[in-house]
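# Results of the structural survey
Here are the chains, one letter per residue:
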Amino acid sequence: MAERRGDGAARPPGRLLWLHAASVGETLSVLPLLEALAARAPDLGVLLTTGTATSAALLARRLPPALADRVQHRFAPLDVPRWVERFLAGWRPDAGALVESELWPNLIRAARRRGVPLALVNARFSERSSRRWRRWAPGLARELFSSLSPVLAQTPADAARLGAAGARLALCLGNLKDAAAPLPADPGELARLREAVGGRPVFLAASTHPGEEAVVLDAHRRAAASGLADLLTVIVPRHPHRGPAVASEAAAGGLAVARRAAGGAPPSPGTAVYVADTMGELGLFYRLAGACLVGGSLVPHGGQNPMEPARLRCPVLLGPHTANFAEPVARLLAAGGALRVEGPDPAGALAALAAGVLSRPDRARGMADAAASTAAVAEGLPGQVADALLRLLPPPPPGADRGAVGAAAAVR
């Protein structure tokens, strides 16, 4: 692909900020940042590079129409010296920001030679990564991190480790993923699902990984046997291509199962397990469910993002493995917006927690309120990050701020 070799530049006139978001999670996290930038700098153009076709497709679906002529997407060049030089020479960004942990030595060096200020935003730097850099490439780490300023970390611990590795200005503002907009849902489809489900209690296992579905299916059987006879369990596998295997596992266990990808029909009254093996519909099921398990947490994956259900007022259940989102998980647990599945019998513990929430509306409401309040704390974060990035740019030309109020209104 020509873009991977640095070709395809179409630089717009005026100031240009380049953002690189490697994959889907990073792309989602920068969407509110794009809106904050547009509200503050109506003259600003943005080049957004990603590394995967999935993230490019997601951007095309989720970018607000008001920003469509302000944001250009390209695939990021591979970190080959002549290709990154061609990319920077063609686009000539006034400043750039890498999202989370994308450290490309040739690109960073080329930007430094050209005098392009580069920031690192929403930065993650685990203790394991810190040890590896210290052991294998301490000099390279210092060179790269000292070339990035500011470095805006997700947590104070990340900021401390980044500073020790060589970052000159490492600050903790928070995690942009905590400030993402609620996942979307088609209103008509949500109404159709609610009508099909009726008054049945709905338990959601969201973004599950291999090994978790067996626990969820066992928990479903136990909860149904202990008083929730009409329970509907919805399983959304993290990777939709696993849908047939998940459905087969449920059927082999004697459960009536339906797959959403096999025709798109909603669950029938006799469906016990509904496998939602489609892309981009998780927002539907967080709105439908009375409680949810956030996947990747029952197995040693580190957990998926618990703030997605929290924003949509869905009570959150978590397994023991949540290192990927340790800080927001701690806040949710402390506030009462989430409960932890613990003990030697995860299926039994999950069944008990899910039944306890689904059978007690007062408890569910309390958890939903606490989860939503926890998620709301980060609402001002995109604006803070936008302000930090705008300080890297040259001042706007005279008159460029005209219409700022209208631009801000257009993207809200």
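See the structure shown above.
The sections below set out a description of the structure shown in this document. (Residues numbered from 1 in each chain as written. Predicted model: local features only at pLDDT ≥ 70, side-chain atom pairs only at ≥ 80, totals over all residues. Heavy atoms only, no water.)

### Overview of the environment of G6
Definition in use: A run of DSSP states H or I qualifies as a helix once it reaches four residues; a run of E qualifies as a strand once it reaches two. Both are numbered from the N-terminal end. Type-normalised accessible area, obtained with a 1.4 Å probe on protein chains alone, sets the label of each residue: buried when under 20%, exposed when over 50%, and partly exposed for intermediate values. Working rule for contacts: check all heavy atoms of both residues, and any pair within 4.5 Å makes them a contact.
Its location among the elements puts G6 in the segment before β1 (16-20). Its relative accessible area of 3% is what places G6 among the buried residues. Spatially, the C-alpha atom of G6 lies 9.7 Å from that of D79, the residues being 73 residues apart in sequence. G6 has contacts with P77, W83, R86 and F87, leaving out every residue within four places of it along the chain.

### A closer look at the packing of helix α4 (residues 105-114) against helix α6 (residues 138-146)
Just so we agree on the cut-off: Here an axis means a line fitted to C-alpha atoms, over the contact stretch when the element is a helix, while the angle between two N-to-C directions is reported on a 0 to 180 degree scale. Note on terminology: angles under 35 degrees are roughly parallel, angles over 145 are roughly antiparallel, angles of 65 to 115 are roughly perpendicular, and the others are oblique. When the near helix sits turned anticlockwise from the far one by under a right angle, the crossing is termed left-handed; a clockwise turn instead gives a right-handed crossing. Put simply, Ala, Val, Leu, Ile, Met, Phe, Trp, Tyr, Cys and Pro go in the nonpolar bin, Asp, Glu, Lys and Arg in the charged bin, and everything else, Gly too, in the polar bin.
As a packed pair, α4 and α6 sit with axes 10 Å apart at the nearest point and diverge in direction by 45 degrees. It follows that α4 is oblique to α6 by the angle criterion. By crossing handedness, the relation of α4 to α6 is classed as left-handed. Within the contact between the two elements, α4 uses P105, I108, R109 and R112 and α6 uses L140, E143 and L144. Of the residues assigned to the contact of α4 with α6, the class counts are four nonpolar, no polar and three charged.

### Comments concerning the environment of W83
Its place among the elements puts W83 in helix α3 (residues 81-91). Using a relative accessible area of 17% as the deciding quantity, one classes W83 as buried. As a C-alpha pair, W83 and G115 span 32 residues in sequence and 18 Å in three-dimensional space. Those residues in contact with W83, other than ones at most four positions away along the chain, are R4, R5, G6, P77 and L78.

### Observations concerning the nonpolar core
Our working definition: Only buried residues count toward a nonpolar core, which is a set of Ala, Val, Leu, Ile, Met, Phe, Trp, Tyr and Cys residues joined through side-chain atoms within 4.5 Å.
Core analysis: the biggest nonpolar cluster contains 37 residues, and L19, L34 and L389 have the highest contact counts within it. When residues no more than four places from it in sequence are discounted, the contact partners of L19 are L33, L34, L37, V46, L47, L48, T49, A97 and L389. One finds L217, A291, L350 and A364 within the second-largest nonpolar core, a separate group that totals 33 residues.

### So, the layout of surface pockets
Rules: Site definitions follow a grid-based scheme: protein atoms alone, a 1 Å grid, a 1.4 Å probe that fits but cannot get out for cavities, and for pockets an open set with protein on both sides within 12 Å along at least five of seven lines, plus lining residues having an atom within 4 Å of a point. Grid points are joined across faces, edges and corners, and a volume is the space filled by probe spheres set on the points.
The computed volume of the second largest pocket comes to approximately 200 Å³. Taken together, 13 residues line the second largest pocket, and the ones lying closest to its centre are G290, P315, P361, A364 and R365. Elements that contribute at least two residues to the lining of the second largest pocket include exactly α11 (282-288), α14 (346-358) and α15 (361-376). Ranked by the residues each element gives to the lining of the second largest pocket, the list is headed by α15, at four residues.

### Description of the sheet that holds strand β4 (residues 95-99)
Put simply, the rule reads: Strands are treated as partners if at least two bridges between them are detected by DSSP.
Taken in spatial order, the seven strands line up as β3-β2-β1-β4-β5-β6-β7 in an open sheet, and their pairing is parallel. Of all the strands in the sheet, just β3 (71-75) and β7 (170-172) have a single pairing partner and so form its edges. Taken pair by pair, the neighbouring strands of this sheet meet at an average axis angle of 20 degrees, ignoring direction. Looking at chain direction, β1 and β4 are connected through four bridges and run parallel. Residue L19 lies in a different strand from β4, and its bridge partner there is A97. Helix α7 (residues 156-165) rests against β5 (118-123), β6 (148-153) and β7 of the sheet, and its axis sits at about 175 degrees to β7.

### Focus on the packing of helix α13 (residues 326-335) against α15
Contact geometry for α13 and α15: axes closest at 9 Å, N-to-C directions at 140 degrees. The angle between α13 and α15 falls in the class oblique. For the pair α13 and α15, the sense of crossing is right-handed. Between α13, through R331, L332 and A335, and α15, the contact on the second element is made entirely by A370, A371 and T374. Across the contact of α13 with α15, the residue classes tally to four nonpolar, one polar and one charged.

### Overview of the packing of aromatic side chains
Operational definition: Between the rings of Phe, Tyr and Trp (Trp by its six-membered ring), a pair exists once the centres lie within 6.5 Å; its type follows the angle of the planes, with under 30 degrees stacked, over 60 edge-to-face, and the other angles tilted.
Taken as a whole and judged by the stated rule, the model has four aromatic pairs. Ring plane angle 70 degrees and centroid distance 5.2 Å describe the contact between F125 and F145, whose orientation is recorded as edge-to-face. Residue F125 is found in the loop between β5 and α5 (127-136), and its partner F145 is found in helix α6; the two are separated by 20 residues along the sequence. Just as F125 is buried, F145 falls in that class too. For the pair Y274 and F285, a centre-to-centre distance of 6.3 Å together with 55 degrees between the ring planes defines the contact as tilted. With Y274 in strand β11 (residues 273-275) and F285 in helix α11, this residue pair connects regions lying eleven residues apart in the sequence. Judged by its relative accessible area of 1%, Y274 falls in the buried class.

### Describing α13
For clarity, the threshold we go by: Taken from the helix axis, the directions to the C-beta atoms give the arc we talk about.
Those residues of α13 that fall on the buried side of the exposure criterion are P328, V329 and L332. Along the axis of α13, the buried residues cluster in a sector spanning 100 degrees; they form a single face. Where α13 is buried, its residues touch α12 (307-311), β13 (316-318), β14 (338-340) and α15. A positive phi of about 90 degrees marks G336, the residue just after α13.

### Topic: the sheet that holds strand β10 (residues 257-259)
One open sheet accounts for seven strands, arranged β10-β11-β9-β8-β12-β13-β14; its pairing is parallel. What marks the edges here is a single partner per strand, and that holds for β10 and β14. When strand polarity is set aside, the average angle formed by the axes of neighbouring strands in this sheet is 20 degrees. Looking at chain direction, strand β8 (residues 202-208) and strand β12 (residues 291-294) are connected through four bridges and run parallel. Paired with L204 across the strands is C292, a residue of β12.

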